[in-house]
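Chain by chain, the residues:
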Amino acid sequence: QVQLVESGGGLVQAGGSLRLSCEASGSIFRVSHVGWYRQAPGKQRELVATIIKGGSTNYADSVKGRFTISRDNAKSTVYLQMSSLKPEDTAVYYCNLQNSFSTYWGQGTQVTVSS
């Protein structure tokens, strides 16, 4: 069983930055695709960014140019560097790991951007 533990959320003013981290247990991280999703109150969970095991990345249009996803396979950790944050980025951010066999989710970390 894989466990994903997120950290780095918090309260920040608009225009500020935060870095989220997600560490995975087990040994499957390097052969898995990982990503970040978010869910704002009253809205559906949406894709923020993904990075496949080969390193290619994909971003939602709303965060392109502001967010950067990266991974450190040696630490089994995926990061989301968020800059130029906007109030509409306020949400619970979830880490996601997928491989050929299953999909795993973290417990979520709250990001709140004040105007």
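See the structure above.
Keep in mind that this is a model prediction, so the values were computed, not measured.

Asker: Can you help me understand the side chain of Glu6 in this one?
Answerer: Take Glu6: it is sitting in strand 1 (residues 4-7). A distance of 2.6 Å separates a polar atom in the side chain of Glu6 from the backbone nitrogen of Cys95. A distance of 3.0 Å separates a polar atom in the side chain of Glu6 from the backbone nitrogen of Gln107. Each residue touching Glu6, except ones within four places of it in the same chain, is listed here: Ser21, Cys22, Trp36, Tyr93, Tyr94, Cys95, Gly106, Gln107, Gly108 and Thr109.

Asker: It is not clear to me how the sheet that holds strand 8 (residues 77-82) should be interpreted in this structure. Could you clarify?
Answerer: Sheet strands line up and pair through hydrogen bonds in the backbone, either parallel or antiparallel. Here 4 strands make up an open sheet; going across it, the order is 1-3-8-7 and the pairing antiparallel. Looking at the sheet topology across the chains shown, the edges are occupied by strand 1 and strand 7 (67-72). Looking at each pair of strands side by side, their axes are set apart by 15 degrees on average, direction ignored. Examined bridge by bridge, strand 7 and strand 8 share 6 bridges and lie antiparallel to one another.

Cut-offs applied
- Residues numbered from 1 in each chain as written.
- Predicted model: local features only at pLDDT ≥ 70, side-chain atom pairs only at ≥ 80, totals over all residues.
- Heavy atoms only, no water.
- Helix = DSSP H or I, 4+ residues; strand = E, 2+ residues; numbered from the N terminus.
- Polar contact = N/O pair within 3.5 Å; in protein donor to acceptor, adjacent residues only side chain to side chain.
- Contact = heavy atoms within 4.5 Å.
- Pairing = 2+ DSSP bridges.
- Axes fitted to C-alpha atoms, helices over the stretch in contact; angles between N-to-C directions.

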